[in-house]
Amino acid sequence: MRRAARKRTTRQLEQVFKALQGDHTHPFAHEIYQRVHKQLPRISLATVYRNLHSLVDEGKIRTLLLDAQGARFDPETSQHDHFVCEGCGRVVDLFLRQAGPVDLSSLAEQGYVVTTHTLTVHGMCQVCAARRTPRSQRGPRPGKRTV
């Protein structure tokens, strides 16, 4: 009987995981590399990618494929959705209350096996939306008197 391979925890893996803890920006691998490189100057981008994929395989982080820019990484592993700002590219976690479960039975009838689903909402964040709204429609600026 073959024993299951035990994953070894390395300094590189620990630093990559630490670089993501508490980060809600959903960074790209090169951004994580820049953070880890400050702590481990000899680490390569390939090592960061390898460790990110290990963390995904272990269920400690999630990979997000939200647009054509590439994979982002999310330390929040609970079931949640995302909002992507079309202005600045910011990604925000959404914890939406759903009235009921999504009916995916038609997929099962067609032979698909669904393991999970996510919702990605695209639009403008509050900051970008405010920039696009003409000043006259926003009302007076705080601290300014209107006559």
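This text gives an overview of the structure that appears in the document. (Residues numbered from 1 in each chain as written. Predicted model: local features only at pLDDT ≥ 70, side-chain atom pairs only at ≥ 80, totals over all residues. Heavy atoms only, no water.)

Topic: the sheet that holds strand β4 (residues 91-94)
Piece 1. The strand order across the open sheet built from three strands is β4-β3-β5, with neighbouring strands paired in mixed fashion. Of all strands in the sheet, those bounded by a partner on one side alone are β4 and β5 (120-123). On average, adjacent strands in this sheet sit at an angle of 25° to one another, irrespective of strand direction.
Piece 2. In this sheet, β5 lies alongside strand β3 (residues 81-85) in parallel orientation, the contact comprising four bridges. Paired with V84 across the bridge in β5 is H122. (Pairing = 2+ DSSP bridges. Helix = DSSP H or I, 4+ residues; strand = E, 2+ residues; numbered from the N terminus. Axes fitted to C-alpha atoms, helices over the stretch in contact; angles between N-to-C directions.)

Looking at helix α2 (residues 29-39)
Piece 1. Residues A29, I32 and V36 constitute the buried set of α2. Each buried residue of α2 sits inside an arc of 60° when the element is viewed along its axis, so together they form one side. (Buried < 20%, exposed > 50% of the residue type's maximum accessible area, 1.4 Å probe, protein only. Arc of directions from axis to C-beta.)

Examining unusual backbone geometry
Among all residues save glycine, negative phi is the norm, and among peptide bonds the norm is trans.
Piece 1. Backbone geometry at H26 places phi at a positive 60°, although glycine is not the residue there.
Piece 2. Turning to its location among the elements, H26 is positioned in the loop between α1 (11-20) and α2.

Observations concerning the environment of I32
Piece 1. As for its placement among the helices and strands, I32 is situated in helix α2.
Piece 2. A relative accessible area of 0% means that I32 is categorised as buried.
Piece 3. Residues I32 and V16, spaced 16 residues apart in sequence, show a C-alpha to C-alpha distance of 7.0 Å.
Piece 4. If near-sequence neighbours (up to four positions away) are discounted, I32 is found in contact with V16, A19, L20, P27, V48, L52 and F73. (Contact = heavy atoms within 4.5 Å.)

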